[in-house]
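So the chains spell out like this:
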Amino acid sequence: MTAINAADAGTGEIPDLDFDAIVIGAGMSGMYQLYRLREMGLRVRVLESGTQVGGTWYWNRYPGARFDSESYSYGFSFSQELLDEWDWNEHFSGQPEIERYCNLVADKFDLRRDIQFSARVASAVYDDDGGFWTVSLADGTQYRARFMITAIGLLSAPTMPRFEGINDFQGPWCHTGLWPKEGIDYAGKRVAVIGTGASGVQAIQEISKTAGQLTVFQRRPNWCTPLHNRPITKDEMAEIRAGYPELFQLCRETAACFIHTVDPRGTFEVTEEERTAFWEELYAGQGFGIWQGNFRDMLVDREANRLMSDFVADKIRQRVNDPKVADMLIPKDHGFGTRRVPQETRYYEVYNQPNVKLVSMLEEPIERITPTGVRTSAQDYEFDVIVYATGFDAVTGSFDRIDIRGTGGQRLKDKWAGGPQTFVGVMVDGFPNMFMIMGPHAALGNNPRSIEYNVEWVRDLISHMTQRGLPFTEATPESVAEWNAFVHQKAEGLLSNEIDSWMTGINLNVEGKQTRTVVRYSGTAPEYRAKCDEVAADGYQALRFL
Ligand code: NAP
C-alpha cells in the first residue's frame, strides 16, 4: 500500500503536506498507532511533549506508582515476538519496569525515528480550503498533515488546587503526574501529601516508609482495597506466557477488559454467609476482582452497594488502630465502587505509624500555602516537601489544553462545553480526518486492550479511504447524536453517575467542570466493539466521506 499524499488525494489544489498523519502523544496509544500507520506505508510524525515514550507511564514517576491491572493483561498483545521476549517481574509492576517496557516497544519496532520529543502541541487547525490539519507546536513549528490523530490520554492534564500561595513555598513541591526525573529527596523530611485518590494512596504508602513525618491532607476519602501484589517467578511467567491467548480472549469478553468477570449472582440471591464468604475471598484476592468481579448488582442496587460498603468499612476499622482515624478514612458520601477504587498495599496500616498524621480538609480546610508549609483553618503546618496528588482534568482536559479547531474555525472546547459528544469516542462531526484514540465515550477500563482496538479501527478506516481514493471523512451530526444518546442511556441507573468524580466530569479545580456530565461510556467493551465492528462491516455508512 502506498502513502497517501496530496497528489493521491486527487484534489489538485492541496499543497504538499509534511506528513500523511500526525499523531499527538507517544504513550501506548501513540506508539501503537504509529506502528500500524507506518505498516500501511503512511508518512507519520508523532509529536510528544515528553523526552521519552510512555505517556502516563513516563509522566507518573511518583514514588509508589504502579499498575492496578495485572501486568500481563496490560501489555500489548499484537506482537507474539514481544510477548515471547518480555518477562513481567511483578503481578502489578512498578513505573520503572513499565517505562522500560515502553522503551523496549519503541526500540523493538524502531518507533523513535518518527517521534519528535519535547514537542508540545499548542494548536491543531483544520484548513477548510486545503483539507488538511496544521498542527503547531509551542515553539512555533508547524506541520501540515491529512490526518490528525490524538493519542493524548484520559488522565494526562494534571490539575493543581486553587490554593493561594502555591508558588510561595520555599521547598520542593510537585504534582504526582509531573514528578521530576531526578526525583525528590524526602527521606527523613517533613512531607505533606494533598489528595487521596489512586495516585495519592500509592504515593502515601511509599513516602511513609522513609519520610521523617508525613501529613496526609484528605478531602473525601476513597474506598481502597488490597492489591495483593507479588513477584512473578520464572515458572509463573512461563505459565502466563503459555496462557496469553486465553488471557487476551478473556479480556475481550469481560465488561471492562480486565481479567475479572462479574459474578452473575445477585447480592440477595445468596445467603448472608455465602455473601460474606464471597466478599472475604474477593478481599483476599488480587487487584480489581473485588470491584470488577463482584455481584452483578453491586454497582446499581443501593442496598447491595450499602452492604458491600459496610463490609469494606469494617475492614478499615479492623486495620486502623485509632477509631477516630478509621472513621475519617471511611467514605460517607459515596458507596463502594462508585468512584475509581484505589488499590493499596498496607495503606490503612500507614496510619498506625507514629510518623504519619491524617488531616481532614472537611474539618480543617487548607486556607493557603505558606513559604514554609500549609495553613489550615486550624493551624500552620511546617513542611520540607509538598506533594500534590490532586488528580487530572480528566477525559476532555487534555483536549481542552490544545486549541483544536475544525471546519469553519469551530473550537472543540466550545463544542464540548456542555459535555463531550463523539461518534464511538473516535470522531467528531465538523472535525474531518481527526481521530481520537481513547477519546471521550470510547470504551475504557483495562486501557491497552481498548487502545489496540481503537487503533486498529482507525487503521482500517484509513485503509478503507486509501483503497477507494476518499480523501476526507467525518462523523455526521446524526451519528454523533445517536452515539451520545446511546452513551447516556448506558449510564442510566449506575450509582456512580450520582457521584462527583472525574468519571462524571467533575473537577473543582477547573473552571466549567463543576456540573456532572456523562464523560464516560459505561456500557460493556464487547458491546462497544460490536457497535464499532458493525460500522465497519456496513461500509462506514454512519460516516460522511467528502
Ligand atoms: P483523583 O482520583 O482525582 O484524586 C485527586 C485527589 O485530590 C482527591 O482525593 C481529591 O479530593 C483531592 N483534591 C483535588 N483537588 C483538591 C483540592 N483543591 N483540595 C483538596 N483536595 C483536593 O486523582 P488521582 O489520584 O491522580 O487518580 C486519577 C485517576 O488516575 C484514577 O482514578 C485512576 O483512574 C488513574 N490512576 C491509575 C493508577 C493505576 O492504575 N495504577 C494510579 C493512579 C491513578 P476529592 O476526592 O475530595 O475531590
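If you're wondering where the values come from, they're calculated on a predicted model, not measured in any experiment. (Residues numbered from 1 in each chain as written. Predicted model: local features only at pLDDT ≥ 70, side-chain atom pairs only at ≥ 80, totals over all residues. Heavy atoms only, no water.)

In this structure, D110 takes a positive phi of about 50° despite not being glycine. Inspection of the secondary structure puts D110 in the loop between α6 (95-108) and β3 (115-116). By relative accessible area, D110 is classed as partly exposed at 40%. The backbone of M438 shows a phi angle near 60°, a positive value even though the residue is not glycine. If you trace the backbone, M438 turns up in the loop between β18 (434-436) and α17 (447-468). (Helix = DSSP H or I, 4+ residues; strand = E, 2+ residues; numbered from the N terminus. Buried < 20%, exposed > 50% of the residue type's maximum accessible area, 1.4 Å probe, protein only.)

This part covers the pairing of strand β13 (residues 366-370). The sheet contact formed by β13 and strand β14 (residues 373-376) spans four bridges and is antiparallel. When the bridges of β14 are listed, I369 appears paired with V374. A loop of two residues connects β13 with β14, the two strands running antiparallel in sequence. (Pairing = 2+ DSSP bridges.)

The next subject is the packing of α17 against helix α19 (residues 525-537). Put simply, α17 and α19 touch, their axes get as near as 11 Å, and they point 10° apart. For the element pair α17 / α19, the angle class is roughly parallel. Between α17 and α19, the residues in contact are Y453, N454 and W457 and Y528, R529, C532, D533, V535 and A536, respectively. Counted by class, the contact of α17 with α19 contains six nonpolar, one polar and two charged residues. (Axes fitted to C-alpha atoms, helices over the stretch in contact; angles between N-to-C directions. Parallel < 35°, antiparallel > 145°, perpendicular 65-115°, else oblique. Contact = heavy atoms within 4.5 Å. Nonpolar A, V, L, I, M, F, W, Y, C, P; charged D, E, K, R; others polar.)

Another aspect to go through is the site of the ligand. Close to the ligand lie 24 residues; R66, S199, R219, R339 and W502 are nearest. In this structure, N509 approaches the ligand through a side-chain N or O atom, which is 2.9 Å from a nitrogen atom. Protein chains shield 87% of the accessible area of the ligand, which is 900 Å² for the free molecule. Split by residue class, the shell around the ligand holds ten nonpolar, eight polar and six charged. (Near = heavy atom within 4 Å. Polar contact = N/O pair within 3.5 Å; in protein donor to acceptor, adjacent residues only side chain to side chain. Areas by Shrake-Rupley, 256 points an atom, 1.4 Å probe, with all protein chains shown as cover.)

So, on to helix α7 (residues 198-210). Listing the buried residues of α7 in full gives S199, G200, V201, Q202, A203, I204, Q205, I207 and S208. Structurally, α7 contributes buried residues whose contacts are with β8 (190-194), β9 (213-218), β11 (343-344), α14 (347-350), β12 (356-360) and β16 (385-388).

We now examine the domain arrangement of the protein chain. Entries for the protein chain in the domain assignment read domain 1 (4-53 + 111-156 + 394-491 + 524-545) and domain 2 (160-223 + 321-391). Placing the centre of domain 1 and that of domain 2 at their C-alpha centroids yields a distance of 37 Å. (Domains from an automatic or database assignment.)

Here we come to the nonpolar core. Core analysis: the largest hydrophobic core is formed by 81 residues, its most contacted members being W457 and Y528. Sort the elements by how many residues they give to this core and α17 lands first, with eight residues. Filtering out sequence-adjacent residues up to four positions away, W457 remains in contact with V424, V426, M427, C532, D533, V535, A536 and Y540. By size, the runner-up hydrophobic cluster in this structure holds 52 residues, among which are V270, V325, F336 and L358. (Core = buried A, V, L, I, M, F, W, Y, C linked by side-chain atoms within 4.5 Å.)

Looking now at the state of the cysteines. In protein chemistry, a disulfide is the covalent bond that joins the sulfur atoms of two cysteines. Scanning all chains against the criterion turns up zero disulfides. Summary of cysteine pairing: C251 is not part of a disulfide, and the nearest cysteine sulfur, belonging to C257, is at 6.9 Å. (Disulfide = S-S within 2.5 Å.)

The next point concerns the environment of T396. Following the sequence through the fold, T396 ends up in the loop between β16 and α15 (397-400). Distance from T396 to Y244, taken between C-alpha atoms, is 33 Å for residues 152 residues apart in sequence. Excluding anything up to four places from it in sequence, T396 contacts W416, P420, P440 and K513.

A separate point is the sheet that holds β12. Whenever strands of a sheet pair, they do so through backbone hydrogen bonds, lying parallel or antiparallel. Overall, parallel pairing links the five strands, which are arranged β7-β16-β8-β9-β12 in an open sheet. Lying at the two open borders of the sheet, with one neighbouring strand each, are β7 (173-175) and β12. Across the sheet, the axes of successive neighbouring strands diverge by a mean angle of 15°, strand direction being ignored. The pairing of β8 with β9 spans five bridges and is classified as parallel. By the bridge assignment, V191 is partnered in β9 with L214. Helix-sheet contacts for α7 involve β8, β9, β12 and β16, and the interaxial angle to β9 is about 160°.

Attention shifts here to the sheet that holds β14. Read from one edge of the open sheet, three strands run β13-β14-β15, paired in antiparallel fashion. The open sheet has two edge strands, β13 and β15 (380-382), and neither has a second partner. Pairs of neighbouring strands in the sheet enclose a mean axial angle of 20°, with direction left out of account.

Here we take up the packing of helix α18 (residues 477-491) against α19. Two elements in contact, α18 and α19, have axes whose closest approach is 13 Å; the angle formed by their N-to-C orientations is 165°. The pairing of α18 with α19 is recorded here as roughly antiparallel in orientation. Crossing hand, α18 versus α19: right-handed. Here W483, F486 and K490 of α18 come into contact with α19, specifically with E527, Y528 and K531. In the contact of α18 with α19, the residues fall into three nonpolar, no polar and three charged. (Left-handed = near helix turned anticlockwise from the far one by under 90°.)

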